[in-house]
Amino acid sequence: MKCSPQGRGLLGPLLFFLLPVFLFPSSGRTQVATVEEQVWTLAQSKKLTQDRQWLRLLHFRTTWLGTESDVDSANFFSSPQGKTDPSAELREFIRAIFLPEAVSATQDKSALCRFPARYEWLKRNLPEISAWPSHPCPLLTRFRDEVRGPSVSMVFSSYYLNNPSSAFGHTFLRVNKEASPKDGVRYELLDYGFNYAANVDTDNALVYGVKGLFGGFHGQFTSVPYYYKVREYNNAESRDLWQYQLSLTPAQVAVLVDHLWELGPAQIDYWYLTENCSFHMLSVLEAADPDLNLLSGLKKYVIPADTIQVLMKAPGLVSEVTYRPSIRTQLLHRFDRLNAKEKDVAHRVVENRDLALLAEIPDVERQSLILDGVLDLVDFRYPYEVQIATDPVTLFKNKVLSARGANPHISEPLKIETPGNDRPHDGHGSRRLGIGWRKNHLGGEGLLLEHRFALHDLYEGQTGYPDGAQISMFEMDFIYSPVEKSFLLDQLVLFEVISRSPWTRLTPAWSWQTYGGIERSPWLPGRSPEALAKLEGGGGLNADLIRSRLNLFGGVRASVRSRLEGRSDLFSLSGGPALGLRGKILPPMILGVEAWWRHENREGFNGFIRDVEATLHWQHSKNLATRLVGREETGLRSLEIQLFGYY
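All values derive from a computational prediction rather than experimental measurement.

Trainee: Describe the overall build of the chain, naming the residues involved and giving the relevant values.
Mentor: Along the backbone of the chain there are 17 helices and 21 strands. On C-alpha atoms alone, the chain measures out to a radius of gyration of 32 Å, which is more than a quarter above the 26 Å that the 2.2 N^0.38 rule sets for 647 residues. With respect to the principal axes defined by its C-alpha atoms, the chain has extents near 130 × 80 × 45 Å. The buried share of the chain, taken over its 647 residues, is 47%. Here the chain has roughly 31,700 Å² of accessible surface; of this, 59% comes from carbon and sulfur atoms. Taken together, the 71 basic and 74 acidic charged side chains of the chain have centroids lying 2 Å from each other.

Trainee: Outline the packing of helix α7 (residues 116-125) against helix α11 (residues 250-263), listing residues and values.
Mentor: Their axes nearest at 7 Å, the elements α7 and α11 cross at an angle of 135°. Here α11 runs oblique to α7, going by the angle between their axes. Residue-level contacts link P116, A117, R118 and R124 of α7 to V255, D258, H259, W261 and E262 of α11. Considering only residue class, the contact of α7 with α11 consists of four nonpolar, one polar and four charged.

Trainee: I'd like a description of the pairing of strand β3 (residues 151-157), backed by residues and values.
Mentor: By the criterion of burial, β3 is predominantly enclosed, with seven of the seven residues buried. On β3, burial covers both faces: S151, S153, V155 and S157 on one face and V152, M154 and F156 on the other are all buried. Note: β3 against strand β4 (residues 170-176), seven bridges, orientation antiparallel. Opposite V155, over in β4, you have F172 as the bridge partner. Where β3 lies against strand β7 (residues 241-246), six bridges are found, and the strand directions are antiparallel. By the bridge assignment, S153 is partnered in β7 with Q245.

Trainee: Could you give an account of the sheet that holds strand β13 (residues 486-499), naming the residues involved and the relevant values?
Mentor: Strand order in this closed barrel of 12 strands is β10-β11-β12-β13-β14-β15-β16-β17-β18-β19-β20-β21, and the pairing throughout is antiparallel. Direction aside, the axes of adjacent strands within the sheet are offset by 20° on average. Looking at chain direction, β13 and strand β14 (residues 511-520) are connected through eight bridges and run antiparallel. By the bridge assignment for β14, V493 is matched with G517.

Trainee: Give a description of the sheet that holds β4 that names residues and reports values.
Mentor: With respect to topology, seven strands assemble into an open sheet ordered β8-β6-β5-β4-β3-β7-β9, the strand pairing being antiparallel. Either end of the sheet is taken by a strand with one partner, and the two such strands are β8 (268-270) and β9 (318-324). Strand-to-strand, the axes of this sheet are offset by a mean angle of 30°, without reference to chain direction. Relative to β8, strand β6 (residues 217-225) is paired through three bridges, and the arrangement is antiparallel.

Trainee: Give me the environment of A74: which residues, what numbers.
Mentor: For A74, the location among the structural elements is in the loop between β2 (66-69) and α4 (86-97). When its relative accessible area of 64% is taken as the criterion, A74 is described as exposed.

Trainee: Just give me the short version of unusual backbone geometry, but keep the residues and values in it.
Mentor: Backbone torsion omega between A454 and L455 reads 0°, so that peptide bond is classified as cis. Relative to the assigned elements, L455 resides in strand β11 (residues 445-456). Residues other than glycine seldom take positive phi values, yet H59 does so here, at roughly 60°. Along the chain, H59 falls in the loop between α3 (52-57) and β1 (60-63). Positive phi outside glycine occurs at F474, with the angle close to 55°.

Conventions adopted
- Residues numbered from 1 in each chain as written.
- Predicted model: local features only at pLDDT ≥ 70, side-chain atom pairs only at ≥ 80, totals over all residues.
- Heavy atoms only, no water.
- Helix = DSSP H or I, 4+ residues; strand = E, 2+ residues; numbered from the N terminus.
- Rg over C-alpha atoms; globule rule 2.2 N^0.38 Å.
- Buried < 20%, exposed > 50% of the residue type's maximum accessible area, 1.4 Å probe, protein only.
- Areas by Shrake-Rupley, 256 points an atom, 1.4 Å probe, with all protein chains shown as cover.
- Lys, Arg positive; Asp, Glu negative; His and termini not counted.
- Charge placed at Lys NZ, Arg CZ, Asp CG, Glu CD.
- Axes fitted to C-alpha atoms, helices over the stretch in contact; angles between N-to-C directions.
- Parallel < 35°, antiparallel > 145°, perpendicular 65-115°, else oblique.
- Contact = heavy atoms within 4.5 Å.
- Nonpolar A, V, L, I, M, F, W, Y, C, P; charged D, E, K, R; others polar.
- Pairing = 2+ DSSP bridges.

What follows is the structure, encoded as structure tokens:
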């Protein structure tokens, strides 16, 4: 059968419509590619590859090694060259968000869901583009809903000497939620905290120190409900929390939250003295608000107190400072409400876990105050046990709570005023420079020069620092020798930590100290000075007298020294009783005496030695002080005066 002319007439139009399907089967992808290329072309024309916020979202920084990102894990970048090339990273990121699977699939691992802060930044900077890809991100949406709030605060957790990683304090961010729509009250315990810390894989203090100093740990950002941080710092470690609310806009806080989501899976080499929690808390703030310039105000080596100083110097950045007292601080104020008899009953209730002892105080109102104190005392003494539902301490606390609930008296809210002299941002600078003069009774004298990396000693101004605590690291003291006509190393303090908390029935605490470093032995007739390596430790009890204006310490100290030649027969051991007396004469002046009677056994000597040191420190201002020290050591008496500047 032959085809009719009418049939041949339909074939032409049909081929006209089918031909593009066969010749251009991926015309949809061609359209996507066109938008992708348009985005990349516009980004180049606007020089977005060098945009300040883009570089900060990637954590790019210029150092003597070059320009690269501080983030070390590949999962933070779309491009294999992303760590060192922001242009390659932007090109690959644009390509990733326009991939067909990124456009059509509902997956939280896509570039759109993995890097929301970068995506929103790109859209804000390219308003000319309307055909942006989009798809749901369930995990990201849930994270935003749980975390996001209108404001953010930097939180400083005060110094904690019993943990080396927290001896200098700690900083973390808190995103502040809106007030409750039900009662209009803002419940800060429901806020979220963001922390950056090292993933520590050792309990060995020496290994921890070495790895921490040389970037041997991986650091990571984590998010946790704020009440967990309160339980960890406020309760378990009895550390006061200082909260610095920042003036970021809600839109900038939203960028911050998205950026912290991006950082969650990433790993960053943790450097204890440089790229630590303090450094990276500021770096994420700069990413959220590109107008901030905080990192440039940091010192080369940074500690948490430096972070707070930088925030306070930024004009208008800190809008409010609030204080959250630790459980120890609360406990002291609770017991201030009780008389001596009531305090004794509260102690015995906890020690014997016997509520029947309350019968010794028949007044119901006074019983309620005792129960309030008992609850805080249990939390203070047993911070970890009360977190375990089946622990006997928890079961006893539940009984106390039941008794308190049955008592009809409603106690007045505990009002603790913000301490005027403990605010971290009011403390002296963390570094110290010193210049002075020393002379001994044999006629020797010389110029003194000193630099201390951190942080504070027992005699310096107490504003902003814990009383009775000393944390010294990397202090180098030099003395100019007229004979040698050069500077000699007088002392190198690698670390010296002293904790002199008062021992009381309410807060029993041992005082302790430890020291490691190198020092020059005293010059004596017939014996040239020697460089000695020294390791020292001690402990005892400290008492606060006259309303804490006078501190009396008694205990023991022991020391091992060796000449740096290292031969075992040149070791010397010494130990014996130690006493310390420190008095606050006037707010700017502190006077103290330290004495140590030690038996020393070294090459050519076996006997007792008395070391005595008297110190008068006068803090002229926040960052300027004078110190006078009289010393008798190994029979050599000397007097020195120094002028200290802090920065």
